[in-house]
Structures are given as structure tokens and as C-alpha cells.
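Examination of the molecular architecture
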Amino acid sequence: MRRATALFAALLLAILLSITHVTSPKALAGTCTGDWAIGIGGLGDNSSSVFVPFVNQPVGYNSADPMSGFHEINRLFWGHRNQCPGDHIRLIGHSEGAGILHAWVTANQGVGNANAILLADPKRAPGPGWGGLSSTPGSGIVGYPLAGVDNWFGGFPVLTVCNRDDQICDTSAGWWGYLFGGAHSRYNFNVWDYGAWESGVWYR
């Protein structure tokens, strides 16, 4: 099973490197609303369309270049924070986007008045279940920010949501749920349905 997982991870990497087209969503003018949200989608969702109905600012990035997503989150977050220092900022990511957001939070864990929601995070640390896809042998070839699993969030409130049949965030699941059971899309993408200060792991 580990060998099959590593093979599939390598296949995902090949797909990742083949995706180069980016449709960047228009950067929205910052408005100080008191509560503002950024969303970043997964592999191939270069315009973060899965979050468009629910966030103030979707992240446009090249999913074949995860660092482009990391830098864009950074630009959008600090741009809004500087313009609206009193606003609470919610960040939400799915799949590859969750992994990129995970790394961004780790690098910015001292930031206050913000929270993150990670859906199907490939960098999820074990417990419950196994670690995410970034824990598989050979996954390190992908490099930062997607390599490795951890929960190094400091005092930054982070809620991790993983469906127990989703191989991306729990490699004990096997691929059936991901490929045929809808496990990877069976998440609530509405950032406003989550608490602004929730943290921990939802594993269901």
C-alpha cells in the first residue's frame, strides 16, 4: 500500500508540473468590514473558484508553482491588514491550497486577529488516522511549501477538517474514497460556517 501511495504521489507530482495555465481572479478592492476572508483552492483550481461564492478574496496562483500561492496569500493578507488593521482575517484552503496555507501559517504564527481552516490538508500530522499525502515516501521531492507533515501553528487558531476516507489528508484511507466516493469534494467550503477562533482537528 505504501508503494502504491508513493507511486500515486509521483503521478500527482507529474500532473502538478504539467499544469501551467493560470486564470487569476481579479484582486478585489479592500474594504474594512471588520471580518474579511481569503480562500485558496487546490490542484488545478488556479482561480480558487471553489471559494469564490464565500470569500472576499480568492487567491489566483499557478498550482504548478506552490510558492506562487504562498507569496500571493502573503501579499493579500498583509495588503488588507495594512489597510484595515482592525479587521479579523479568515483564511481557508482546500487540498494543495490547504497545504500552502498550512505552511504560510507556520511561517506567520505570531500574527494576531486571524484564523485558518484547512480542508483536506496534505500536510496534516497523524492523529487521528495517518498523516496526509505529504508524509509518503518520495513526497519530499515536491519541496517547500508542500513537503512534510506537522502541526506547527503556535498560537494561530487553525481548524483542520479531514474526511476519514480522503487519502489526501489521511493516507490510511486508500484511494477508493478519493477516486470514487467523493471524499475529496465532500467538505463545507463556506468559510462563514466555521467559527472565527476554532482550532483542532475535525476527523469524520
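Description of the structure in this document. Just so it is clear, the structure is predicted and the values come from calculations on it, not from any experiment.

Let's talk about the packing of helix 2 (residues 66–83) against helix 3 (residues 96–107)
At a closest axis distance of 9 Å, the pairing of helix 2 and helix 3 adopts a crossing angle of 55°. If you check the angle between helix 2 and helix 3, you find them oblique. Note on packing geometry: the crossing formed by helix 2 with helix 3 is right-handed. Residues Pro66, Gly69, Phe70, Ile73, Asn74, Phe77 and Trp78 of helix 2 form the contact with helix 3, whose participating residues are Glu96, Ile100, Leu101, Ala103, Trp104 and Ala107. Tallied by class, the residues present in the contact of helix 2 with helix 3 amount to 10 nonpolar, 2 polar and 1 charged.

Concerning the pairing of strand 4 (residues 114–119)
Burial within strand 4 is extensive, with 6 of its 6 residues counted as buried. Going residue by residue along strand 4, you find Ala114, Ala116 and Leu118 tucked away on one face and Asn115, Ile117 and Leu119 tucked away on the opposite face as well. Taken together, the 6 bridges between strand 3 (residues 88–94) and strand 4 define a ladder with parallel strand orientation. Residue pairing in the sheet places arginine 90 in a bridge with asparagine 115 of strand 4. You can see the chain leave strand 3, run along helix 3 and come back into strand 4, and the turn it takes is right-handed. When strand 4 meets strand 5 (residues 158–162), the two strands line up parallel, connected through 4 bridges. Counterpart to leucine 119 in the pairing with strand 5 is valine 161.

Rules and cut-offs
- Residues numbered from 1 in each chain as written.
- Predicted model: local features only at pLDDT ≥ 70, side-chain atom pairs only at ≥ 80, totals over all residues.
- Heavy atoms only, no water.
- Axes fitted to C-alpha atoms, helices over the stretch in contact; angles between N-to-C directions.
- Helix = DSSP H or I, 4+ residues; strand = E, 2+ residues; numbered from the N terminus.
- Parallel < 35°, antiparallel > 145°, perpendicular 65-115°, else oblique.
- Left-handed = near helix turned anticlockwise from the far one by under 90°.
- Contact = heavy atoms within 4.5 Å.
- Nonpolar A, V, L, I, M, F, W, Y, C, P; charged D, E, K, R; others polar.
- Buried < 20%, exposed > 50% of the residue type's maximum accessible area, 1.4 Å probe, protein only.
- Pairing = 2+ DSSP bridges.
- Right-handed = clockwise from strand over helix to strand, strands pointing away.

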